[in-house]
Structure formats: structure tokens, C-alpha cells
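# An overview of the molecular structure
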Amino acid sequence: MDVKAKKRSVVPFGPQHPVLPEPIHLDLVLEDEKVVDVIPSIGFIHRGLEELVNRRDFNQYVYIAERTCGICSFGHGLGYVEAVEKLMNVEVPVRAKYLRTIWGEMGRIHSHLLWAGLMADAFGFENLFYQCWRLREKNLDLVEMTTGGRLIYSVNKVGGVLKDITPDMQKVILNNLSEIEVELKDIYKTFTTDYSVLERTRGVGVLTKEQVHDLGACGPYARASGVERDIRQLGYEAYGDLDFEPVVSTDGDNFARCDVRLREVFQSIDLIRQAIAKMPAETDLSVPVKGNPDGEALVRIEQPRGEAVYYVEGNGTKFLNRFRLRTPTFANIPAMCETMKGCNYADIPLLVVTIDPCISCTER
Amino acid sequence: MRILMPILFLLLAPLAGGLLDGMDRKISARMQRRVGPPILQPFYDVQKLFAKQRIVVTNSQTFLMITYMVLIIFTGCMFYSGVDMLMCFFMLSTAGIFLYFSAVVTDSPYSYIGGQRELFQEMCCEPAVLLTALGFYILEGSFQTSDLIKADRSAILALPGFFVAFLFILTIKMRKSPFDESTSHHPHQELVKGVTTELGGSNLALFQITEWYENVLMLSVVALFILNKNPWSILCAVLVVLATYFLEILIDNTSARMKSQKMLQLSWAVTIAAAGVNLVILILVR
Amino acid sequence: MGAKFTPKQTLRVIEKEGLLREVMVMKSRHMRLSQACASYKDGHYELSYSFADDETMDYETLRVNVGLAERVPSIHNFYSCASYYENEMRELFGVKIELIEPDYRNKFYRIKAETPFLPEDAKAEQKKEEAEISLNGADSDLDQEQAARDEKQAEKDAAAKKAADEKKAAAAAEKAAKKGAQ
């Protein structure tokens, strides 16, 4: 049959659409309800944060880097300070490294639970959505107790951290984590065994390992397709001392992505426990930093959404010449578009949500 | 009776439908551990919608919407006046066509696809609905609802399969998750609000009231399975209807939204398995 | 326990002419394009293309230094995901990257400012250098291809604009006619 003879319609999807958590625009070319082509466009919330680095002291910029995103804010702050510390050859106290690890994992739990809620909402399971977000609240309480903020932690600085986690707090953290773990098991069971959920996730949006590699996807999205790559294995901060393996699934479909992300929450809980147990008792949380950054440094860290690349270039003044942040979502968008070709229109929200899009940090 | 009942339906159905809707929202909220809106919230909503400025995409939409409403109300009145049940069901399908038209006269792709899915849903429901009518006919020898309620014993005893099939498609008819394909109570689906995306103000209010009428009508069919000549069966029927509604809310809250193809497969499979088998047994036993 | 990997991180400065060849080598070595970015330093652009090896976690960066008005070929033929990075570079820094596919034509980010990340003095310098090049008439095949594409797109834009205008005019006329009838 002649392709052109079929009736095609273009459905504009986004930037404002109730199922989209973030403003991304997709022009979907449909044949009945089958998607034959998709043209993505972003660019609705570009703020030019990278350029601000020319006008802010490199110490002040930590707070701007954190505000790139509301969900992985700690990771962005961490990536920036790590890059600057690498540039200036600063060795951070070990306890600060452990604290950063703990907060980083709390950020991951927060991000993944938020995502699980959005995913449940995308396939129309309201109760599951509420359950996930209620659980996330417990984690936010921990963050608030330890840092004073709920989303923007603001505890990083070049050379260390600003706050400590006292033994009392550690007890509360361990207690809350156990509660989260128990409830999360129920949620995990629903995501992986409920008939109606499996109907929407199994076999939908399959990406092979090869495709993931060619399209440059990263993070849990890539691990769901069998790519055993977790940047935390590089051993930055305290990850080198902790025992963990990347969470991998081989199916490459929506189900695998749910599975990987939820299992990563269990892993994060385990990592926080390990870190609390191994954390040395030091009093110094930071080292003084002298001089101005010069030269360039490139750092990779594993954000909740995947590999993020931080590149800084100094010029010997207190202002950096260039700060570059490549967010995981930026790398995942091409793969997302690939999964959409040939899928059913009803799968589109799920396929958008499974990359865990964070467009505001993508555009910076 | 033939005049009183339709008038009662005309006046009380939106009240009952609205209250059920309010309870639905309250119970759903409780299931999600929220407080939820007051029971009367649906009435406040409709009142507010009527107060809004009237903006329509195309003028024909208002006409189509009113026709849809009048047809549904008329069907309900016919049902309660005790005429041919088969006729009622055909009228109901006709009303659905007008909803489809009101969706596709707009340029909105969401509304358009929603309209197509509305037809698709009709296709999923129709076998079960027609088989239900047929089941009653084989059992009582009449399509007249006035005859059916005078039966010696409740129809559900002989027609359990039909009852199951009808309950299944009730989820589709009431536009509840997992089968809220054409439009949903929560706009969080790929079609935004599907057929109702382009409705606003008084037109949306009309749609809302029509939905209450339709829900009451569908639940009346459920009641028909229970009713017999014993007056106590009325109380029993009310309880069964409330239980049915609760079941719908429960299903709504414990399942993900299905895709339309799956809806077709499941609804036809259940219809054939439950109602079909029941039908064969019914014919053999007689 | 220690880190599970001891990856190498390298940076290699290469000539612009060798870019496509080096990228091809990376592709054949099964490296993943991790990121690409531009920065402006001392009157020229520094383009960095970073490739990651997922087996050993090695990280290699190719660095190309190009002048403000110099043209750079797109690498999307080797790595399709590169076009997003290239669109970004061109829009924010004004790097002259040719034949990107898909080409967002400086509308990747919907911002009004042109090349906002490039300092003001550099913008003036870039204009000057561009004028020189067009005076000298240095036309490579790439330039011609890009020019042909630009022309085609311009025609398309004009046609779309014309259609939109006509539609508007028709709607206005219809409105007027309705008014007259009343």
C-alpha cells in the first residue's frame, strides 16, 4: 500500500500537556493511533546559567549550579565542586566525602520515588502515584533534618561540606530508611506483578544494547537495556570504599526501566547504611581553599538520571571562563525519540516519562 | 405509573447521579489517603460551569451536545415508563453518535482521537448490552421493562453470566479507569480530556449532567437484574447498585489505564465467556 | 576495596582538518559520544568532543581550536546524537558548524538573543572576519551545499508565510462579509 495514501495526522504534544512533568514539545505524526515519526523540540526554559559563571565568584557559583535543577540539585552542586577541586588540587576531608555520598544517595532516592509516582500517574494508577509521593516525603524529611532544605541542599562548598550529620541524626536516618524499605517492597511488587501495570510496561519501547550505545543514552535508562555502566564505579567521593554493583536489566523495555530504578532505591538505602557505618569520626568538614582556579578539568558523576559531565575552565581570576554541564536527559532524548517510532499513541506519555526527563536542567 | 416514573427519573436522576459522583470522589480520595472534596462538590462544579462565559469552538457543538443530552434523558424516561428494553439500548447508541459528532466537529486532534475512541468503546460495549437484553427476553419472554420487574424471582439467579458481562462493560460505560479511553475524570492521559477537551462552560456542564443521567440509567439496568415482584427486592436492588458502584471505584483506584486494543480483547472475551456460556446453558435448560 | 576502575582521562588537541577522521576512528573503536561543547578563549573557539569507553571507563577528549569565522563540519554522520550538541554550540556561541541534521536553525533554544555566550567584542570580531571571507570568496563544496540548503529553507519559509498571510486575509474577508450581511 502506498504510504502516502494513508491518512496521517500531526498531534502537537506539549510543551504544556497534563501528563508531561516538564516542558518538551513533540510533534507526533500519527497513522490512526500508530506513531510513525516524532520531531522533538526543547528550548522553552533556557536560562543561560552556564554563562553566569563569568560573572560570579567561583565560590558563589556553587549555589547557582545547585539551582540548575530542583530534583538532582545536590548532584549538580557536587559535580561543580568536584570539578573545581580537581582543578585546584584540593583534597577534601574523608568525612566530607562520606557526607556527600550520603546526601547524593538521598537525592537519588528522592528522584527515583518522584519518578515512580510520575510513571504511575502516566499509566493512570492514581493510588500508586500517591503512595510513591507519600514515601518520598519521608526521605525529604531526612534531607530537611540534615541540611535544612528539602530540595536545594546547599551544603556543598569548594573544599568540603558545610554541615555534619550527628549520631542522633544517623539514628533517625536508619530508622526512616527501614520504614521506607518496608513500604517500598509493596510498591515494587505492584510495579512488577500487577496485571494492569505489566500490560502497559512489558515489551513497550524496547531499546537494544547496541541502540543505547549508538544513541549515547546513559544512566538507568541504559542499564535497563543491559549496559553495565555506573559512573559511581569510578570511585569518586566515598563510592570507592562502598560495596555495590550496577543494577542491570536486559529487557530494555518500560518494565525493565521501572525495575532498574526501583531496585536502585534499595541499593541507595544499602549504600547510605554502609556509608553511615564506615564514616570516620573527624571534626574537620572542609579544607581552606587558596588562590584562583586555572586550567581545565572534566568530571563525570552519576546523577539519579544518569551520567552527567561537568567541565570547568579557569583563567587565573576568581571568575571561571567556562562551566559546562551535560545533563543525562540531554543524552537520553535521541534514544527516547527512537523508542517512539512505531509505538502506540497511548504509550507516548510512558515513553517520555521513562527517561525521567528533566528539561530545565537539560536547557540550563 | 407509566407517567409518574419517567417524571421521577427526570427530576431525581441528576440528583442521584450527582450524589453518587460526589461519593465517588470522596471515597476515591479516602482510598488515596486524601481528605477529598465535599459530597456536594459535583453540584458546585456544574453550577460554576453554568456561570462561566460561553465560548464555543464551533456553534454546532452546542446543538450536538443538547441533542446528546435530550436523547439520553429520553432513553431513560422510556426505560422507566416500561417500554421495550432493546429500543432503549439502540437509542443509547444513537446518543453516543451525537457525542462523537460533537467531538469531531472541532479541529482539536485530542478531541478527534477521543471521538474515534468513543466509537471504539461503543463497539466494545454493544455485544454485552445486546446480549443482556436477549437474556432477559429468553428468561421472561418480553423486552418490556414493565414486565421484567414483575418476575417471580430475580433475574440474576438465572443470568449470572450476563450480570458479570454487564458489570465489566459498566466500567467502560462509566468512563472509569482502566477503560477511560475516550475521556477520563483525571486529565492525566495522553488525550488530555479526549472528547470533552474542547467543551467548556455550559456545554461541559451539560455533558456532566448527561453523564449523571447515563450512570443512573446504567445502574438501573443493574437493578433490573435484582428486581422481582416482592417489594423488598427494591431495597436489595439499591444495595446491589451501591455495591456495584463501590466496586467500580475500587477497580478505578487499583488498576492502570489499559490501551484501547486490550479493552476490545478483554471486553469481548468476557462477554463471550460469561454471557455466551450463560446463554447456551439458558437455551439448553429451557 | 578501592575504585573498581582506574580509567585514563586524556585530552588531545587535533587539527580541524583531522576532526572527521579522528571521530571515525573513535566510532570504529566503539566509543560512545559522551558530550561535545564549545568555549570561547582568547579570540578563538575551543571545541571539545568527549568519547567514553564503557568497558574500561576511559574518557578521551578531542580538542579542536578554530577561528571565529572558520567552518567546522558536523559529525552527525558518525554519531547521530551529536546534532543536539552541535545545534547548541552554534546557537549559544555562534560556531559555524555546517550541515547539521536535523538543523534547528538557531531555534534549538527559543531565545531572542543571538549567540548569547559570546562576549560582545568577540561578536564584532566575528562579523569582521566573516566579511573578509566573503570578500575573498572562499567557497568550498561544503559552503555551496549549505548555501543551497539555506536557500531552500528560505523559500519554504516564504511559502509558509505567504500561505499564513493568505489564510489570514481570507479569514478577514470572510469576517467583513459576515459583518456586511448583518
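So, here's what we can say about the structure. (Residues numbered from 1 in each chain as written. Chains lettered and ligands numbered in written order. Predicted model: local features only at pLDDT ≥ 70, side-chain atom pairs only at ≥ 80, totals over all residues. Heavy atoms only, no water.)

## Section: the overall build of chain A
The secondary structure content of chain A amounts to twelve helices and eight strands. A compact globule built from 364 residues should have a C-alpha radius of gyration of about 21 Å, and chain A, at 21 Å, falls within 12% of that. Taken over the C-alpha atoms alone, chain A extends approximately 70 × 45 × 35 Å along its principal axes. The buried share of chain A, reckoned over its 364 residues, is 67%. Long-range pairs, those at least 24 residues apart, make up 70% of the contacts in chain A with a sequence separation of at least 6. Carbon and sulfur atoms provide 51% of the accessible area of chain A, an area that totals close to 11,800 Å². With 43 positive and 52 negative side-chain charges, chain A shows a spacing of 2 Å between the two charge centroids. (Helix = DSSP H or I, 4+ residues; strand = E, 2+ residues; numbered from the N terminus. Rg over C-alpha atoms; globule rule 2.2 N^0.38 Å. Buried < 20%, exposed > 50% of the residue type's maximum accessible area, 1.4 Å probe, protein only. Contact = heavy atoms within 4.5 Å. Areas by Shrake-Rupley, 256 points an atom, 1.4 Å probe, with all protein chains shown as cover. Lys, Arg positive; Asp, Glu negative; His and termini not counted. Charge placed at Lys NZ, Arg CZ, Asp CG, Glu CD.)

## Side note on the interface of chain B and chain A
Contacts between chain B and chain A engage 29 residues on the former and 32 residues on the latter. Counting the surface lost from both chain B and chain A, the interface buries some 2,600 Å², and carbon and sulfur atoms represent 51% of this. Run the count over chain B and chain A and you get two salt bridges. Among the ionic pairs, E199 of chain A bridges to K262 of chain B, the shortest N-O distance being 3.7 Å. (Buried area = accessible area lost by both parts, 1.4 Å probe. Salt bridge = Lys/Arg side-chain N within 4 Å of Asp/Glu carboxyl O.)

## So, the pattern of salt bridges
Residues and elements named next belong to chain A. Across all of its chains, the model carries 39 salt bridges over all chains by this definition. Salt-bridge contacts for R326 lead to E307; the nearest nitrogen and oxygen are separated by 2.5 Å. Here R326, found in strand β8 (residues 320-326), pairs with E307, found in strand β7 (residues 306-315); they are 19 residues apart in sequence, far enough to count as distant. Since its relative accessible area comes to 1%, E307 is described here as buried.

## A look at the interface of chain A and chain C
Residue-level contacts link 48 residues of chain A with 44 residues of chain C. Interface area, chain A with chain C, both sides summed: about 3,800 Å², of which 53% is carbon and sulfur. If you sort the residues of chain A by the area they bury against chain C, H46, H213 and F330 of chain A come out on top, with a joint share of 15%. Counting every contact that joins chain A to chain C gives four salt bridges.

## With respect to a negative patch on the surface
Where like charges cluster on the molecular surface, the negative patch consists of E228, D243, E245 and D270 of chain A together with E55 of chain C. Along the polypeptide, D243 of chain A turns up in the loop between α8 (220-223) and α9 (254-278). The partly exposed category is assigned to D243 of chain A, whose relative accessible area is 46%. (Patch = residues over 30% accessible without salt bridge, like charges linked within 9 Å, V, L, I, M, F, W, Y side chains within 5 Å.)

## What to know about the packing of aromatic side chains
Enumeration over the complete set of coordinates arrives at 29 aromatic pairs over all chains. Between F330 of chain A and Y85 of chain C, the aromatic rings sit 5.0 Å apart at their centres with planes inclined by 20°, giving stacked as the arrangement. With F330 of chain A in helix α10 (residues 328-340) and Y85 of chain C in helix α2 (residues 82-93), this pair bridges two chains. Like Y85 of chain C, F330 of chain A is buried. Measuring from centroid to centroid gives 6.4 Å for Y40 of chain C and Y45 of chain C, while their planes differ by 75°, and the two rings are edge-to-face. For the pair Y40 of chain C and Y45 of chain C, one class covers both residues: buried. Three or more aromatic residues joined by ring pairs make a cluster, and in this case those are Y61, Y80, Y310 and F323 of chain A. The cationic tip of R202 of chain A hangs over the ring face of F255 of chain A; the distance from NZ or CZ to the ring centre is 3.9 Å. Positioned above the aromatic ring of W115 of chain A is the side chain of R261 of chain A, whose terminal nitrogen or guanidinium carbon lies 4.6 Å from the ring centre. (Phe/Tyr/Trp six-rings, centres within 6.5 Å; stacked < 30°, edge-to-face > 60°. Lys NZ or Arg CZ within 6 Å of the ring centre and 35° of its normal.)

## Overview of the sheet that holds strand β2 (residues 25-31) of chain A
Overall, antiparallel pairing links the three strands, which are arranged β1-β2-β3 (chain A) in an open sheet. The open sheet has two free edges, formed respectively by β1 (8-13) and β3 (34-41) of chain A, since each of these has just one partner strand. Sheet twist, expressed as the average angle between the axes of neighbouring strands with direction ignored, equals 20°. Across seven bridges, β2 of chain A lies against β3 of chain A in antiparallel orientation. When the sheet's bridge partners are listed, L28 of chain A is paired in β3 of chain A with V38 of chain A. Relative to the sheet, α10 of chain A contacts β2 and β3 of chain A, its axis offset from that of β3 of chain A by approximately 160°. Of the strands in this sheet, β1 and β2 of chain A touch helix α5 (residues 109-140) of chain B, which is tilted by about 120° from β1 of chain A. (Pairing = 2+ DSSP bridges. Axes fitted to C-alpha atoms, helices over the stretch in contact; angles between N-to-C directions.)

## Considerations on helix α4 (residues 85-104) of chain B
The terminal C-alpha atoms of α4 of chain B, which comprises 20 residues, lie 29 Å apart, in line with the 28 Å expected from a rise of 1.5 Å per residue. N-capping of α4 of chain B is provided by D84 of chain B, with a side-chain oxygen placed 3.0 Å from the backbone N of L86 of chain B. (Expected span 1.5 Å × (residues − 1). Polar contact = N/O pair within 3.5 Å; in protein donor to acceptor, adjacent residues only side chain to side chain.)

## Quick word on unusual backbone geometry
With a phi close to 60°, R33 of chain B is a non-glycine residue in the positive phi region. According to the relative accessible area criterion, R33 of chain B is exposed, its value standing at 56%. Even without being a glycine, D42 of chain C presents a positive backbone phi close to 45°. Here D42 of chain C is to be found in the loop between β2 (32-41) and β3 (44-52). On the basis of relative accessible area, D42 of chain C is assigned to the exposed category, the value being 69%.

## Looking at the state of the cysteines
In this structure the tally under the stated criterion is zero disulfides over all chains. C358 of chain A supplies the cysteine sulfur nearest to C361 of chain A, a cysteine that is in no disulfide, at a spacing of 3.0 Å. Cysteine C125 of chain B shares no disulfide, and the gap to the nearest cysteine sulfur, in C124 of chain B, comes to 6.4 Å. The exposure class assigned to C125 of chain B is buried, which follows from its relative accessible area of 2%. (Disulfide = S-S within 2.5 Å.)

## Details of the nonpolar core
Counting 89 residues, the largest nonpolar core has Y80, W103, F123, F191 and V312 of chain A as the members making the most contacts within it. In terms of residue count, helix α3 (residues 94-122) of chain A provides more of this core than any other element does, 15 residues in total. Counting residues in each nonpolar core, the second largest holds 74 residues, with Y221 and C343 of chain A together with V23 and Y79 of chain C among its members. (Core = buried A, V, L, I, M, F, W, Y, C linked by side-chain atoms within 4.5 Å.)

## As for the layout of surface pockets
All names here are of chain B. The volume enclosed by the largest pocket comes to roughly 1,000 Å³. In terms of lining residues, the largest pocket is bounded by 32 residues, among which M5, Y80, S220, A223 and L227 are the most central. Per element, the largest residue contribution to the lining of the largest pocket is seven residues, and it comes from helix α1 (residues 4-31). Split into classes, the residues belonging to the lining of the largest pocket amount to 22 nonpolar, seven polar and three charged. (1 Å grid on protein atoms, 1.4 Å probe; cavity = no way out; pocket = protein on both sides within 12 Å on 5 of 7 lines; lining within 4 Å. Points joined across faces, edges and corners; volume = space filled by probe spheres on them. Nonpolar A, V, L, I, M, F, W, Y, C, P; charged D, E, K, R; others polar.)

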